[in-house]
Amino acid sequence: MGTPSHLLLMSLFAACVAIVGGVLMHDTLRQQARTAAEIFGGLMASALVLGWILYVFPL
Amino acid sequence: MAGRPSQKRAPAAPPPPSKPLWLIYLLGWLIPGGAHLWLGRPTKGLAFLVMLPLMFAIGLAFEGRLFPFNLAEPLAALAAVADIAVGLPYFIAKALGSGAGRALAATFEYGNAFLISAGLLNAMVILDAHDIALGRK
């Protein structure tokens with residue numbers, strides 16, 4: 001098995017955290033799904049933005 | 001102005017929890033979602049019962065490390081506390097000898113992130129159970 005994609009692993013992590021966060025914060029399925037989608041989007045977007053910013057500063 | 005003295009009512013004190021709080025904390029810690037199940041929130045409880053051990057298992061599968069509690073390395077000690085916060089899955093993994101971690105694995109850091117996050121999320125789940133027990137939610 002080759003090296004897994006970082007984007008895929010990051011998405012998996014964001015999805016897990018988003019599901020738990022959504023369920024934790026609300027009681028109805030609709031609200032939970034909405035919050036989970038927001039958390040997922042926020043995690044993915046911030047990771048991609050930070051990734052691009054760090055690209056300017058190679059270590 | 002002739003008026004009656006203001007009759008501001010003090011907010012009613014919340015009723016005492018019907019179940020002992022320490023037992024809720026203990027159950028919530030040992031079995032992720034267990035406190036919610038006990039408090040009559042089966043949907044939430046089942047979601048936590050599936051998701052948190054799943055995250056922990058993914059962390060182990062990604063060759064993450066269960067950090068030892070060593071105060072000489074404060075960050076590792078904090079990670080150890082987060083690992084332990086997931087409850088029974090931690091002790092089962094330790095008993096089975098897994099969680100040694102392989103730093104050279106490409107997924108090592110992801111594994112650590114999953115393991116630590118599972119524990120930290122379980123801590124938040126316990127706080128949620130606390131609020132439910134006190135009638136705040």
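Our structure's up above, just so we're on the same page.
The sections below set out a description of the structure shown in this document. Note that the structure is a prediction, hence the values are computed from the model and not measured. (Residues numbered from 1 in each chain as written. Chains lettered and ligands numbered in written order. Predicted model: local features only at pLDDT ≥ 70, side-chain atom pairs only at ≥ 80, totals over all residues.)

**Details of the overall build of chain B**
Condition: Helical segments are the DSSP runs of H or I of at least four residues, strand segments are the runs of E of at least two, and each set is numbered from the N terminus. Around each residue's C-beta, the other C-beta atoms within 10 Å are counted; 20 or more make the residue buried, 12 or fewer make it exposed, and counts in between make it partly exposed. All C-beta atoms are placed from the backbone. Contacts here follow a simple rule: the backbone-placed C-beta atoms of the two residues must lie within 7 Å.
Along its length, chain B carries six helices and zero strands. Seen in sequence order, chain B has helices and strands lined up from the N terminus as α-α-α-α-α-α. Here chain B holds 137 residues, and 42% of them are scored as buried. The contacts in chain B between residues at least 6 apart in sequence include a share of 71% that link residues at least 24 apart.

**Here we look at the overall build of chain A**
So the rule is basically this: The globule rule is 2.2 Å times the number of residues to the power 0.38, and the radius of gyration it is compared with is taken over C-alpha atoms.
Scanning chain A for helices and strands turns up two helices and zero strands. Radius of gyration (C-alpha) of chain A: 14 Å, far over the 10 Å computed for a compact globule of 59 residues. With respect to the principal axes defined by its C-alpha atoms, chain A has extents near 45 × 30 × 15 Å. Taken over 59 residues, chain A has a buried fraction of 22%.

**Here's the deal with the interface of chain B and chain A**
Many authors give the size of an interface as the accessible area that is lost as the parts come together. This is how the line gets drawn: Residue type decides the class: Asp, Glu, Lys and Arg count as charged, Ala, Val, Leu, Ile, Met, Phe, Trp, Tyr, Cys and Pro as nonpolar, and the leftover types, Gly among them, as polar.
The interface is formed by 16 residues belonging to chain B together with 10 residues belonging to chain A. Residue contributions to the side of chain B that touches chain A peak at eight residues, all from helix α6 (residues 108-133) of chain B. Taken together, the residues that form the side of chain B that touches chain A break down as 12 nonpolar, two polar and two charged.

**Description of α6 of chain B**
Applied cut-off: Expected span of a helix: the number of residues minus one, times 1.5 Å.
Look at α6 of chain B: 38 Å from first C-alpha to last across 26 residues, which is about the 38 Å you get at 1.5 Å a residue. A positive phi of about 80 degrees marks glycine 135 of chain B, the residue just after α6 of chain B.

**What about the environment of alanine 113 of chain B?**
Residue and element names in this part refer to chain B. Within the fold, alanine 113 resides in helix α6. A residue is classified by how many C-beta atoms lie within 10 Å of it, and alanine 113, with 20 of them, is buried. Sequence-wise, alanine 113 and leucine 88 are 25 residues apart; in three dimensions their C-alpha atoms are separated by 19 Å.

**A short note on the packing of helix α1 (residues 6-25) of chain A against helix α3 (residues 42-61) of chain B**
Our working definition: Every axis in this analysis is a line fitted to C-alpha atoms, fitted for helices over the stretch in contact. Angles between the N-to-C directions lie between 0 and 180 degrees. An angle below 35 degrees is treated as roughly parallel, one above 145 as roughly antiparallel, one from 65 to 115 as roughly perpendicular, and anything else as oblique. Should the near helix be turned anticlockwise from the far one by less than a right angle, the crossing is termed left-handed; should it be turned clockwise, right-handed.
Where α1 of chain A meets α3 of chain B, the closest approach of the two axes is 10 Å, and the angle between their N-to-C directions is 155 degrees. By the angle between their axes, α1 of chain A is roughly antiparallel relative to α3 of chain B. Note that α1 of chain A runs across α3 of chain B; the crossing there is left-handed. Judged by residue contacts, Cys16, Ile19, Val20 and Val23 of chain A of α1 of chain A engage Lys44, Ala47, Phe48, Met51, Leu52 and Met55 of chain B from α3 of chain B.

**Notes on unusual backbone geometry**
Residues and elements named next belong to chain B. With phi around 65 degrees, glutamate 63 is a residue other than glycine that occupies positive phi space. Inspection of the secondary structure puts glutamate 63 in the loop between α3 and α4 (74-84). For glutamate 63, a count of 20 C-beta atoms within 10 Å gives the class buried.

**Things to note about the nonpolar core**
Put simply, the rule is: What we call a nonpolar core is a set of buried Ala, Val, Leu, Ile, Met, Phe, Trp, Tyr and Cys residues whose membership is set by joining through C-beta atoms within 7 Å.
Core analysis: the largest hydrophobic core is formed by 44 residues, its most contacted members being Phe13 and Val20 of chain A together with Met51, Leu52, Met55, Phe114 and Ala118 of chain B. Going through the elements one at a time, α1 of chain A together with α1 (21-30), α3, α4 and α6 of chain B are the ones with two or more residues in this core. The biggest single contributor to this core is α6 of chain B, with 11 residues. With sequence-adjacent residues up to four places away left out, leucine 52 of chain B is seen in contact with Val20 of chain A together with Pro32, Val86, Ala118, Leu121 and Asn122 of chain B.

**Describing the environment of leucine 9 of chain A**
Note on placement: leucine 9 of chain A falls in helix α1. Taking the C-alpha atoms as reference, leucine 9 of chain A lies 21 Å from alanine 33 of chain A; in sequence the two are 24 residues apart. With near-sequence residues (within four places) excluded, leucine 9 of chain A lies in contact with Pro4 of chain A together with Thr107 and Tyr110 of chain B.

**Here's the deal with the packing of α3 of chain B against α6 of chain B**
All names here are of chain B. Closest axis-to-axis distance for the α3/α6 pair is 7 Å, and the angle between their directions is 155 degrees. Between α3 and α6, the angle is such that the two are roughly antiparallel. Crossing handedness for the pair α3 and α6: left-handed. Residue-level inspection shows Phe48, Leu52, Met55, Phe56, Ile58 and Gly59 of α3 in contact with α6, the latter providing Gly111, Phe114, Leu115, Ser117, Ala118, Leu121, Asn122 and Val125.

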